[in-house]
Amino acid sequence: MKRSGHPRIVVVGASAAGLKAASRARRLLPEASILVLDESASISFGACGLPYYLAGEVDDIRALATTPFQVVRDPKYFDEFKDVEVRIRHRVESLNVGTRTLEVTDLESGARQTVSYDELVLATGSAPKRIPGVGVDAELAGPLKTMEDAVRLRRALVQGAIKSIVLVGAGALGCELAEAFRISWGCEVGIVEAAGCVLPEMLDAELGSVVQRHLAENKVLVECGHPVTHVSHSKGQIAVDTESATVFGDRVIFAIGVTPRAQLAREAGIELGALGGIRIDEQMRTSAPHVYAAGDCVEVRSAVHGDPLLLPLGSIAVRQGRVVGDNLAGRASKLSSVAGSAILRVFDLNVASTGLTRAAAERRGMSVSCVWGTFSDVPHYYPGGNELFLAMVYEQGSERLVGLQAVGKADVLRSIDVFGNLLLKRGTIEDLIDAEFGYAPPYSSPLDPLHELAALAIAQEREGLRAIAPSESLRGRLVVDVRQLTETDEHPFRCSHLLPVPLGELRKCMDELPESEMVLMCEKGPRAIEAARFLMGMGRRNICYAGGGRALREASCCIRSS
């Protein structure tokens, strides 16, 4: 019911963006009338926590929909704590932006009513993607989207009805679910991915191969490079067919991403973007007067190339909701662009990225280069160090930062957060090398890995000290291994043309090295770089070094192509 003399705000969608917008508007507009409508019975739950509920790390599904002080975020909570009216099981059928009205159906009673608004927020979210022409019994094959989906799956796991599972899609959700089913329930797990490597939106092949190998080491079958062509019942199981193989499971989960739910906006004449999401400005306004939009249903703008993106991330949705709430109250708040920072855990590997991969940048016609590194999260003398692989993408010529990828058992979040915020400022390699980091031996090394990557990029861009990718074949090339002989005995590197020359001996025997192209190799990269610099300084040409060293080649399986 509208409070006399004060605006009536209606929000469509009771998830992260919509409820954040409503709650923020209430704080700033204590006298406004605020109504939130949602067709679902489950609202305001942490969907990103569903894999961890399935894994048993979160024991009670209701925890995903409670506050830190253990109150369930249901309509009663929003009424009593936020003074916001939330109506669940109410579906918005149509929107008329001219009369500022919504046609709404109560799904419990079937009653229809017209709801008017002064300001409207569309936070309609997203829907799971489906493979055209591929369908099977929804009980046995479908997406993981709701709490009800997760409860059904976990009940079947507890009852022993699921011994094997096929995950269609090796994005973040597919990789998280692989861990949940394999470690917590001992299921046989297969992943089918149309792209050539796992996590194709986050990682290039070099680091994607590290994750893919880790999945295989944890007994997850991974089939990449072949899209699903057919799903059917066969021999009491679900058969997932690709162009090259058939993978069987008791259940199939489609985890191939989501699409914006923008039908309501489209039918109302609100402008959509090229990617199918609602087009918004920096203040989250749509093309229709008095209508805002936020969350998975909108297109955001990339901080790297400035074009629209679809980024269905809860962290971005909450920020957008706050911006909407501010603007509803007359505060000039905006969200200009996003870097697209993302992180996940794959068994005991931490995986993160921000900005663009090299492949994505090249698809856009950008001229980019990469550097790679293998690092430890603490100094070599401090116990308990963990390995970290990093790949940095930057634009040639301008030296502008484009993207960062991180994989390892070390903390990856700090590197990604620092780099992502530099992307928002259109930072360059120089900005990265000027960044300041905290240091103490239990936490970090004196020279941060990002500093080292920046120095490698400067050397490559300005001095011609070229790194070759861990995925680049060494067949037919002379590899000079500059590690100590004890290292080569412990961790041998096998290739057709290998010449072991420890770095300490290089100066003495330089004249004995052939004039042909050489690839300098060490364990992690620094000694190979030092050797390459020395040889280049002595006038030798056709010198390069193996980016990330033997360690990264070994971890990514690329050593097999040598």
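In this report, the structure presented in the accompanying data block is examined. Keep in mind it's a predicted model, so treat the numbers as computed, not measured.

### Structural notes on the overall build of the protein chain
For step 1, the next point in the chain: Assigned secondary structure in the protein chain consists of 16 helices and 30 strands.
For step 2, the next point in the chain: The C-alpha radius of gyration of the protein chain comes to 27 Å, within 12% of the 24 Å expected for a compact globule of 562 residues.
For step 3, the next point in the chain: Across its three principal directions, the C-alpha atoms of the protein chain cover 90 × 60 × 40 Å.
For step 4, the next point in the chain: A total of 562 residues make up the protein chain; the buried ones form 52% of that total.
For step 5, the next point in the chain: Considering only intrachain contacts with a sequence separation of at least 6, the fraction spanning at least 24 residues in the protein chain is 65%.
For step 6, the next point in the chain: Per element, the accessible surface of the protein chain, about 24,700 Å² overall, is 50% carbon and sulfur.
For step 7, the next point in the chain: The centroid of the 62 positive side-chain charges in the protein chain is displaced by 3 Å from the centroid of its 70 negative side-chain charges.

### Thoughts on the packing of aromatic side chains
Given two aromatic rings, one states the distance between the centres and the angle between the planes to describe the pair.
For step 1, the next point in the chain: Across all of its chains, the model carries 3 aromatic pairs by this definition.
For step 2, the next point in the chain: When the ring of Phe69 is compared with that of Phe81, the centres are 5.9 Å apart and the planes differ by 35°; the resulting orientation is tilted. Separated by 12 residues along the polypeptide, Phe69 in the loop between helix H2 (50–54) and helix H3 (75–82) and Phe81 in helix H3 bring together distant segments of the chain.
For step 3, the next point in the chain: Taking relative accessible area as the criterion, Phe81 reaches 46% and is therefore assigned partly exposed.
For step 4, the next point in the chain: Residues Tyr77 and Phe78 carry aromatic rings whose centres are separated by 5.0 Å and whose planes lie at 80° to one another, so their mutual orientation is edge-to-face. Like Phe78, Tyr77 is buried.

### Quick notes on the pattern of salt bridges
For step 1, the next point in the chain: Within this structure, the stated rule accounts for 33 salt bridges.
For step 2, the next point in the chain: Beyond isolated ion pairs, a larger network of salt bridges with shared partners links Arg213, Glu217, Asp481, Arg483, Glu523, Arg550 and Glu554.

### Here we look at the sheet that holds strand E26 (residues 466–468)
The strands making up a sheet are joined through hydrogen bonds of the backbone, oriented either antiparallel or parallel.
For step 1, the next point in the chain: The 5 strands are arranged E26-E30-E29-E27-E28 in an open sheet whose pairing can be described as parallel. Of all the strands in the sheet, the pair left with one neighbour each is E26 and strand E28 (498–500). Neighbour-to-neighbour, the strand axes of the sheet open up by a mean angle of 35°, direction not taken into account.
For step 2, the next point in the chain: Along the sheet, helix H15 (residues 526–537) makes contact with strand E29 (518–521) and strand E30 (543–546), crossing E29 at roughly 140°.

### With respect to helix H6 (residues 205–217)
For step 1, the next point in the chain: Here H6 spans 18 Å end to end across 13 residues, near enough to the 18 Å set by a 1.5 Å rise per residue.
For step 2, the next point in the chain: Turning to H6, its buried residues are Glu206, Leu207, Gly208, Ser209, Val210, Val211, His214 and Leu215.
For step 3, the next point in the chain: Immediately beyond the C-terminal end of H6, within one or two residues, lies Lys219, with a positive phi of roughly 65°.

### A word on empty space enclosed by the protein
For step 1, the next point in the chain: Per the stated rule, a full pass over the model turns up 1 cavity of 30 Å³ or more.
For step 2, the next point in the chain: By volume, the largest cavity is sized at about 30 Å³.
For step 3, the next point in the chain: Lining the largest cavity are Pro51, Tyr52, Ala55, Glu57, Glu176, Glu179, Ala180 and Arg345.
For step 4, the next point in the chain: Elements represented by at least two residues in the lining of the largest cavity include exactly H2 and helix H5 (172–185).
For step 5, the next point in the chain: Considering each element in turn, the lining of the largest cavity owes the most residues, 3 residues, to H5.
For step 6, the next point in the chain: Classifying every residue of the lining of the largest cavity by side-chain character gives 4 nonpolar, no polar and 4 charged.

### Concerning the sheet that holds strand E24 (residues 387–395)
For step 1, the next point in the chain: Taken together, 5 strands build an open sheet; the order of strands is E21-E22-E25-E24-E23 and the sheet is antiparallel. Strand pairing shows two members of the sheet lacking a second neighbour, strand E21 (342–346) and strand E23 (368–376), which therefore form its edges. Each strand of the sheet is rotated relative to its neighbour by a mean of 15°, with strand direction disregarded.
For step 2, the next point in the chain: The pairing of E24 with strand E25 (residues 401–408) spans 7 bridges and is classified as antiparallel. Residue pairing across strands places Met392 opposite Leu404, the latter belonging to E25.
For step 3, the next point in the chain: The sheet strands contacting H6 are E21, strand E22 (349–355), E23, E24 and E25, and the helix crosses E25 at an angle near 20°.

### Brief notes about the nonpolar core
For step 1, the next point in the chain: Core analysis: the largest hydrophobic core is formed by 107 residues, its most contacted members being Phe181, Leu215, Met392 and Leu520.
For step 2, the next point in the chain: Not counting the four nearest positions on each side in its chain, Met392 is found in contact with Ser369, Cys370, Val371, Leu401, Gly403, Leu404, Phe419, Leu432, Leu453, Ala454 and Ala457.
For step 3, the next point in the chain: Core analysis: the second largest hydrophobic core is formed by 54 residues, Ala25, Val104, Ala268 and Ile316 among them.

### Thoughts on unusual backbone geometry
For step 1, the next point in the chain: Residues other than glycine seldom take positive phi values, yet Glu399 does so here, at roughly 60°.
For step 2, the next point in the chain: Locating Glu399 in the fold gives a position in the loop between E24 and E25.
For step 3, the next point in the chain: Despite not being glycine, Arg426 has its phi angle at roughly 55°, a positive value.
For step 4, the next point in the chain: By secondary structure assignment, the location of Arg426 is in the loop between helix H10 (413–424) and helix H11 (429–433).

Reading the values: the criteria
Residues numbered from 1 in each chain as written. Predicted model: local features only at pLDDT ≥ 70, side-chain atom pairs only at ≥ 80, totals over all residues. Heavy atoms only, no water. Helix = DSSP H or I, 4+ residues; strand = E, 2+ residues; numbered from the N terminus. Rg over C-alpha atoms; globule rule 2.2 N^0.38 Å. Buried < 20%, exposed > 50% of the residue type's maximum accessible area, 1.4 Å probe, protein only. Contact = heavy atoms within 4.5 Å. Areas by Shrake-Rupley, 256 points an atom, 1.4 Å probe, with all protein chains shown as cover. Lys, Arg positive; Asp, Glu negative; His and termini not counted. Charge placed at Lys NZ, Arg CZ, Asp CG, Glu CD. Phe/Tyr/Trp six-rings, centres within 6.5 Å; stacked < 30°, edge-to-face > 60°. Salt bridge = Lys/Arg side-chain N within 4 Å of Asp/Glu carboxyl O. Pairing = 2+ DSSP bridges. Axes fitted to C-alpha atoms, helices over the stretch in contact; angles between N-to-C directions. Expected span 1.5 Å × (residues − 1). 1 Å grid on protein atoms, 1.4 Å probe; cavity = no way out; pocket = protein on both sides within 12 Å on 5 of 7 lines; lining within 4 Å. Points joined across faces, edges and corners; volume = space filled by probe spheres on them. Nonpolar A, V, L, I, M, F, W, Y, C, P; charged D, E, K, R; others polar. Core = buried A, V, L, I, M, F, W, Y, C linked by side-chain atoms within 4.5 Å.

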